[in-house]
Amino acid sequence: MGADLTPSGQPTPRDAGSSTSLKWGHNGELSPVDLQRVLERLTDPALTQCSLQQDAHTD
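The present account deals with the structure reproduced in this document. (Residues numbered from 1 in each chain as written. Predicted model: local features only at pLDDT ≥ 70, side-chain atom pairs only at ≥ 80, totals over all residues. Heavy atoms only, no water.)

Next up on the list: the overall build of the protein chain. On a plain count of helices and strands, the protein chain comes out with 2 helices and 0 strands. The buried share of the protein chain, reckoned over its 59 residues, is 5%. Entry remark: accessible area of the protein chain is about 5,900 Å², with carbon and sulfur atoms responsible for 55%. (Helix = DSSP H or I, 4+ residues; strand = E, 2+ residues; numbered from the N terminus. Buried < 20%, exposed > 50% of the residue type's maximum accessible area, 1.4 Å probe, protein only. Areas by Shrake-Rupley, 256 points an atom, 1.4 Å probe, with all protein chains shown as cover.)

Here it is as structure tokens:
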């Protein structure tokens, strides 16, 4: 995957809030910023609940 470039050929700045990779410290702990993001997502019902549909076809 290449970096996104501006029309002038320069790399586009990345929004720190849109990063999808987790950062780990030398001590094996998740970074405070990423830990906070994970905890926020775990408390969001829209991201922790789903409805399952039962398949009418059973083989």
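This part is about the pattern of salt bridges. All chains considered together, the criterion is met by 1 salt bridge. Salt-bridge contacts for aspartate 34 lead to arginine 37; the nearest nitrogen and oxygen are separated by 3.5 Å. Pair noted here: aspartate 34 and arginine 37 are both in helix α1 (residues 32-42), with a separation of 3 residues, about one helical turn. (Salt bridge = Lys/Arg side-chain N within 4 Å of Asp/Glu carboxyl O.)

Let us look at a nonpolar patch on the surface. Residues Leu35, Leu39 and Leu42 make up a contiguous nonpolar surface patch of about 280 Å² in total accessible area. Mapped onto the fold, leucine 42 is located in helix α1. Leucine 42 gets classed as exposed once you look at its relative accessible area, which sits at 57%. (Patch = residues over 30% accessible without salt bridge, like charges linked within 9 Å, V, L, I, M, F, W, Y side chains within 5 Å.)

Attention shifts here to the side chain of aspartate 34. Given a relative accessible area of 5%, aspartate 34 falls into the buried group. Ignoring sequence-local partners within four residues, the contact set of aspartate 34 consists of Ser21, Leu22 and Lys23. (Contact = heavy atoms within 4.5 Å.)

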